[in-house]
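Okay, here's what each chain looks like letter by letter:
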Amino acid sequence: MNNKQLRNVEWSILICTIILVAIGLFALFSASKATELEDFKKQIMWAVVSIPVLLITMFIDYKIIAKLSIGFYILSIILLIVVLLTSAVNGATSWFSLGPISIQPAEFAKIAVVLFLANVMSKMSRTEINKPLKLLMLIGIIILPVVLIVLQPDYGTAMAYIFATAIMLYVAGINKRYIIITLLILIISLPLLYFFVLPEHAKLRIDVYLNPYLDPRGAGYNIIQSKLAIGAGRLVGQGWMNGTQTHLGFLYPKTTDFIFAVIGEEMGFIVAATVIITYVILITKSIYIAKTAKDSLGAYIAMGIAGIFIFHMTENIGMAMGLLPITGVPLPFVSYGGSSLLTNLILIGLLLNISSKRQKNLFIE
């Protein structure tokens, strides 16, 4: 990467990432105090491991990385199959346990799927993408990992894949008739899925989302406590490491799903709002990188990444505030999770990579 490319890098993306990681570490330090900072220490370790990987991703031309995407995709599918054969943890076969470390292949597969899908799409014209067989091929690329992730089961992560793909196809110029048909299918199929396909625990999550007090000591307990924690923080919070819900054991799981509630309770509305604003800036800049990318490959990759961040941010914060159903998706850069942190920092590396080679006066057609 030469000096001109370095000057062209969208450094604000990296600044937003550093802010979110820092706030996340402060929250994790407090939330993991009862377990002798176990999750905090692991997150620090993963951050140290992730930084050089981010730099490598940033400096290797994204076109070279995209050419290897078919291999990454095949490897990801193999890992998603093998992980189904492991022992369940909290009711899901989503992790490989390597001693004290757990690795979640569904997180890493996001990178492979976005890269492979973008690589295939970039070789098609808008007319080709709208041909039924070509469109089915693109959908097939995403369906296989989604089905394997649903089998774990991990509905939240599967939805992130679908959302990112929808964003990429929209940017690619998918015909409006496909969008209308998809919406009609969803309207018809959602009630059928609820009554005849979804397992009981998934139905209960939806019921509790609509009315948390339906089961206040059971399925609705976590969301009620999360809302109480956020409300208790008011403007400036109860103070770092002084959160009532956080430290008296009412908030669970506080280092992953409900880390935003910890931030809201201990750091207050100002810091919680800062987190949301930082995500909005990061996502806006990601979309800008897509608009100014040198080629369609870079544009599709950047929009896929933006789609992943949009879904995770909206879903995690939404469920913590009781606005969306609980799906268990982490808050990028903030929630505890080594696989999630490494994956997200690789995605940031790709964004920085694409921005370094952009031409700021060009927009994808």
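Let us look at the structure shown here. (Residues numbered from 1 in each chain as written. Predicted model: local features only at pLDDT ≥ 70, side-chain atom pairs only at ≥ 80, totals over all residues. Heavy atoms only, no water.)

## Observations concerning the side chain of Thr-157
Definition in use: Helix and strand definitions here come from DSSP, where helices need a minimum of 4 consecutive H or I residues and strands a minimum of 2 consecutive E residues; each element is numbered from the N-terminal end. Under this definition, polar contacts are N or O atom pairs within 3.5 Å; protein pairs additionally need one hydrogen-donor-capable and one acceptor-capable atom, and for neighbouring residues in sequence, both atoms have to be side-chain atoms. Contact between two residues is taken to exist if any of their heavy atoms lie within 4.5 Å; hydrogens are not considered.
Mapped onto the elements of the fold, Thr-157 is located in helix α9 (residues 155-171). A polar side-chain atom of Thr-157 sits 2.7 Å from a polar atom in the side chain of Asp-154. Ignoring any residue separated from it by four or fewer positions in sequence, one finds Thr-157 in contact with Gln-104, Ala-106, Lys-110, Ile-149 and Val-329.

## Points about the packing of aromatic side chains
Quick reminder of the rule: A pair of aromatic rings is counted whenever rings of Phe, Tyr or Trp (Trp by its six-membered ring) have centres within 6.5 Å, and the orientation is called stacked for planes under 30 degrees apart, edge-to-face for over 60 and tilted otherwise. Relative accessibility decides the category of a residue: with a 1.4 Å probe and only protein chains considered, values under 20% of the type maximum give buried, values over 50% give exposed, and everything between is partly exposed.
Under the defined criterion, the tally for this structure stands at seven aromatic pairs. Between Phe-29 and Phe-40 the ring centres are 5.0 Å apart and the planes differ by 85°, which places this aromatic pair in the edge-to-face class. Of this pair, Phe-29 sits in helix α2 (residues 11-31) while Phe-40 is found in helix α3 (residues 38-59), placing the two residues eleven residues apart along the sequence. Judged by relative accessible area, which is 24%, Phe-29 ranks as partly exposed. An angle of 35° between the planes, with centres 4.8 Å apart, marks the rings of Tyr-73 and Phe-116 as tilted. In this pair, Tyr-73 is assigned in helix α5 (residues 69-82) and Phe-116 in helix α6 (residues 105-122), connecting sequence segments 43 residues apart.

## Section: the packing of α9 against helix α15 (residues 296-320)
A pair of packed helices is characterised by two quantities: the angle between their axes and the separation of those axes. The condition is simple: Note on geometry: axes are lines fitted to C-alpha atoms, helical ones only across the stretch in contact, with angles between N-to-C directions running from 0 to 180 degrees. When describing relative orientation, an angle under 35 degrees is termed roughly parallel and one over 145 degrees roughly antiparallel, while 65 to 115 degrees is termed roughly perpendicular and anything else oblique. In this scheme the crossing of two helices becomes right-handed for a clockwise turn of the near helix relative to the far one and left-handed for an anticlockwise turn of less than a right angle. The nonpolar class holds Ala, Val, Leu, Ile, Met, Phe, Trp, Tyr, Cys and Pro. Asp, Glu, Lys and Arg form the charged class, and all remaining residues, Gly among them, are polar.
Where α9 meets α15, the axes come as close as 8 Å, and the angle between the chain directions of the two elements is 140°. In this view, α9 runs oblique relative to α15, as classed from their interaxial angle. For the pair α9 and α15, the sense of crossing is right-handed. Touching Gly-156, Met-159, Ala-160, Phe-163, Ala-164, Ile-167, Met-168 and Val-171 of α9 are Tyr-300, Met-303, Gly-304, Gly-307, Ile-308, Ile-310, Phe-311 and His-312, all from α15. In the contact of α9 with α15, the residues fall into twelve nonpolar, four polar and no charged.

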